[in-house]
Structures are given as structure tokens and as C-alpha cells.
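Tertiary structure, described
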Amino acid sequence: MPSLQHIRRKIASVKSTQKITKAMKMVAAAKLKRAQDRILSARPYAQKMAAVLKRLSRGVNRDLHPLLRRRDARKIELLVITADRGLCGAFNANILRRAQEFIREKRAAGFEVGLSVVGRKSRDFFRRRDIIPRQTWVQIFDRLNYAHGTEIGRDIVGQYAEGKFDELYLLYNEFKSVMQQRIAVEKLLPIEPAIESDDAGKPAGGDYLYEPDETVVLAQLLPKYIEVQVFRALLESAAGELGARMTAMDAATRNAGELIRKMTLVYNKTRQAVITKELMDIVGGAEAMRGG
Amino acid sequence: MPGQIHLDIATPERLLVSEPVDEVIAPGSEGEFGVLSGHCCFLAMLRIGELRYRQGEQWKRLSVSWGYAEVEPRRITVLAEIAERAEEIDLARAEAAAKAAEQQLAAASKREEMAAARAQLEKALLRLKVGKKK
């Protein structure tokens, strides 16, 4: 049986850990509110843009614009978005596992697969496996703004235009709710505007007027669309990370509480046993004296 | 009374305006255009400029840079990369930015540098202009 002092020390140690997890939970909860507001206010923009793009590209000759043109895919690029920090449950692990699966599948299908990563966790993960990403962006989540979307968007559009890869997929955690993230894999390039089947026959743009004209509008819109989608994914991931951390730290705090409760029980039982034993000794000793 | 039109102004960061208005005047890439309720469907690119809208007798101003406006008979949606309300513009900062851009323009030797500096200057001057009118 462990000594009383030993148990006491253990309880103290778990208590201080619990303080930390509790503080982390509070911090995540406070930040989460803001991140949630940001993603919710960014979604309308991204959705409106997708809607306009869809209408514009209806009936447009896809070969005319490089970002719409379908190529014979040989090289595939995967842009992985994880967090910079850990201690947020399976948030990063889920994404990284999916990333490995993705790479394996595509390789097996005969594609060349390249990698770009956002977030320190994914950079370190691939570094440990001797996979060198084409491009890395780390520590952007503390001061995330639209400029990051622009930077990453420009980079991938540029590389794509140069033919460094033929398709680009985005892998990130989508923010469903505080408790829930969904792993999202989206094909970003070439741009596939969701065209509903009944739209197929309609002429481009329908009865809209364009200023300057459709091609110019489209040419300006497409690269922006990529930036916006990347930015949205970054925001989704940022909010998801905080949600995951909050949930994980809440669970950790509760587990620590449970652990403390159990150890306190053992502690008290042990203490009682020690007292009883001492009493027995005294009583036994007294008995022996009287007897003698 | 032609009735009101719903105006949404969104940037990637936030939804800036979402309210019924009487009239909108926006800086289209081919020149300013005004929109009243019942306008035909229309999609225009915007340049760096001032966007104003009227509610009753009151005009409100914003500076916008790059974006486009989608006009439908009862609704106008402006998606701008950057948009700021006149009352939010920090004049001192805008002035400093304008100065910095001027210097950059003077120092620029390459064509791209000059274009970038000019765009910066244009944005800063616009913010000054819009900010001063509040």
C-alpha cells in the first residue's frame, strides 16, 4: 500500500494539473466566441461568391480560363490545415491520419502527390516522417486575417498556373458546432462550380448585365474565389481548434476531478487503516502489560 | 415612392451593412452608377472608391476597394475586399499611409513596385477623402 505522503503528493500534483486544464478551457471558451463570430460572418461572403461564380461559369467555355480548365491530372497537391498547438483532443490527429490516407490512395492510383501545410502540428508531423512540404505556413492563427488567405491563395494559384500541380485539394476541420468538427476534403483547383443538371442548357449569366463584360469579371473573380475559400477554411479550422480544445480541456478537468475523488478515498481509507492499526497496537500492548 | 431596396455589404471579415435603403451609388469599374429599387439584374466590378447610400434624407458613406456589386430588383449585394464606414476611418493613420505610399512611389524603380505603391496611395487618399466627409 502506498504511503500517506505519497498519495498526498499525487493528489496535489493532479490538482495543479486540473488548475491548468481548467484555465485552458476558460481561455479557449473566451477565444472561441470571437472565432465563432468571425467564421459566421465570413460564410455569407464565401457563399455569395460561390453563387455568383456558379451563375457566371454556366455555359462558359471552361478552356478559356486556366483556373477552370481541366487538365489530365498527374500531379496532385494537398493543402493540409492543422493547428499550431496541441492539447485539443483528436483535432490534429484526425486530419493527419486523413492526410496520410489521402496520400496513400492517390499514390496507389498512380498520381504524384505533393504537400503544402498550414500549422506547426502538421509541419512537425511530416518532418518526422521525412516528407518535405512544398510550402509551409506556421503560427498564423494568433493573428489570422484576410491577408493570410490572400497570401496562400496567390501562392497556390501561381504554382498551379506554372503547372507545378494539376489538382489541388484542401483538407481541414470544418466547424460544425462547439462540440463537433467535421473533416473536410475539398477540391479547390481546377474550380468546379457546382452546376445543377437543370441549369446546364441555360446560356451564360441568364438575364444579367455585366460591367465590364463576363470574361473580365470571371478572370478577376476566380483567383479571389480561391483566396476566399482558403481564408474561410482557415477560419473554420481556427474556430474548430478552439472548440476542440475547450471540449478536450473540459473532459480533462472532469477526469482530474474524478481522479482526485478516487485518490482522496484511498487516502482516507489508508489513514483510517493506519489509525486503526496504531490503536490495535496500543490496545494490544496494554493488554499484554495487564496480563503480565 | 419607388420603395426600398435591401443592401448587403460583406467583406471576407464581416457583414458590414445589411439594411433597407432608398438609393445606392457605387464606384463601378466603368464609372459610378446609381441604383434604385426595381433596377434590372446587373453585376459590376468595383474599383477603389466611395460608395454611398441613402436612407430617407441621410447619406452614409463607405470606402471600398476591389469588389463587385450584384444588383437584383429588390436587393443589392456588395462583396468588397476591404470596406470601411466613413466614421470608422482613422484619419491620422490614413494620412501616414498616404505619405508612406508617396515616398514608395518616388523611390520605386520597377514597374510592379510603382503599380503597388500607386494602388496604396489611391487607397489612402480615398480613405482620407471619405473620412473627412463624415
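Residues numbered from 1 in each chain as written. Chains lettered and ligands numbered in written order. Predicted model: local features only at pLDDT ≥ 70, side-chain atom pairs only at ≥ 80, totals over all residues.

**Structural notes on the overall build of chain A**
Scanning chain A for helices and strands turns up five helices and six strands. Secondary structure elements of chain A occur, N-terminal to C-terminal, as α-β-α-β-α-β-α-β-β-β-α. By the compact-globule yardstick of 19 Å for 292 residues, chain A is too spread out, its C-alpha radius of gyration being 29 Å. If one aligns the C-alpha atoms of chain A with their principal axes, the spans along those axes are about 115 × 40 × 35 Å. Across the 292 residues of chain A, 30% fall into the buried class. (Helix = DSSP H or I, 4+ residues; strand = E, 2+ residues; numbered from the N terminus. Rg over C-alpha atoms; globule rule 2.2 N^0.38 Å. Buried ≥ 20, exposed ≤ 12 C-beta atoms within 10 Å, placed from the backbone.)

**A word on the overall build of chain B**
Counting its regular elements, chain B contains two helices and eight strands. Based on the C-alpha atoms only, the size of chain B along its principal axes is roughly 55 × 25 × 25 Å. Restricting to contacts in chain B with at least 6 residues of sequence separation, those with at least 24 account for 52%. (Contact = placed C-beta atoms within 7 Å.)

**Examining the interface of chain B and chain A**
Of the residues lining the interface, 19 residues belong to chain B; the matching set on chain A comes to 19 residues. Broken down by element, the residue count for the side of chain B that touches chain A peaks at four residues, all from strand β5 (residues 42–46) of chain B. Partitioning the side of chain B that touches chain A into residue classes produces 11 nonpolar, four polar and four charged. In this structure, strand β6 (residues 209–211) of chain A lies alongside β5(B), joined through three bridges in parallel fashion. Looking at β5(B), one finds that Tyr210(A) is bridged to Leu43(B). (Nonpolar A, V, L, I, M, F, W, Y, C, P; charged D, E, K, R; others polar. Pairing = 2+ DSSP bridges.)

**Side note on the pairing of strand β7 (residues 58–72) of chain B**
Residues and elements named next belong to chain B. In terms of strand pairing, β5 meets β7 through five bridges, oriented antiparallel. Looking at β7, one finds that Leu 46 is bridged to Gly 67. Of the strand pairs in this sheet, strand β6 (residues 49–55) and β7 are connected by seven bridges, and their pairing is antiparallel. Bridge assignment links Leu 51 to a residue of β7, and that residue is Leu 62. Pairing analysis gives 10 bridges linking β7 to strand β8 (residues 75–85), with the strands arranged antiparallel. Residue pairing across strands places Gly 67 opposite Ala 80, the latter belonging to β8.

**Description of the domain arrangement of chain B**
All names here are of chain B. The domain architecture assigned to chain B consists of domain 1 (5–87) and domain 2 (90–132). The interface of domain 1 with domain 2 comprises eight residues on the first partner and seven residues on the second. At the level of elements, β6 and β7 are the ones that each hand at least two residues to the side of domain 1 that touches domain 2. Considering each element in turn, the side of domain 1 that touches domain 2 owes the most residues, three residues, to β7. Residues that form the side of domain 1 that touches domain 2 fall into these classes: two nonpolar, three polar and three charged. (Domains from an automatic or database assignment.)

**Concerning the packing of helix α4 (residues 146–161) of chain A against helix α5 (residues 214–291) of chain A**
How two helices sit against one another is set out by the angle between their axes and by the gap between those axes. Residues and elements named next belong to chain A. Running from N to C, α4 and α5 point in directions that differ by 125°, and their axes come no closer than 8 Å. On the basis of their axis angle, the class for α4 and α5 is oblique. In the packing of α4 onto α5, the handedness of the crossing is right-handed. Residues Tyr 146, His 148, Gly 149, Thr 150, Ile 152, Gly 153, Ile 156 and Val 157 of α4 touch α5, and the partners they reach there are Pro 223, Ile 226, Glu 227, Val 228, Val 230, Phe 231 and Leu 234. Tallied by class, residues from the contact of α4 with α5 come to 10 nonpolar, four polar and one charged. (Axes fitted to C-alpha atoms, helices over the stretch in contact; angles between N-to-C directions. Parallel < 35°, antiparallel > 145°, perpendicular 65-115°, else oblique. Left-handed = near helix turned anticlockwise from the far one by under 90°.)

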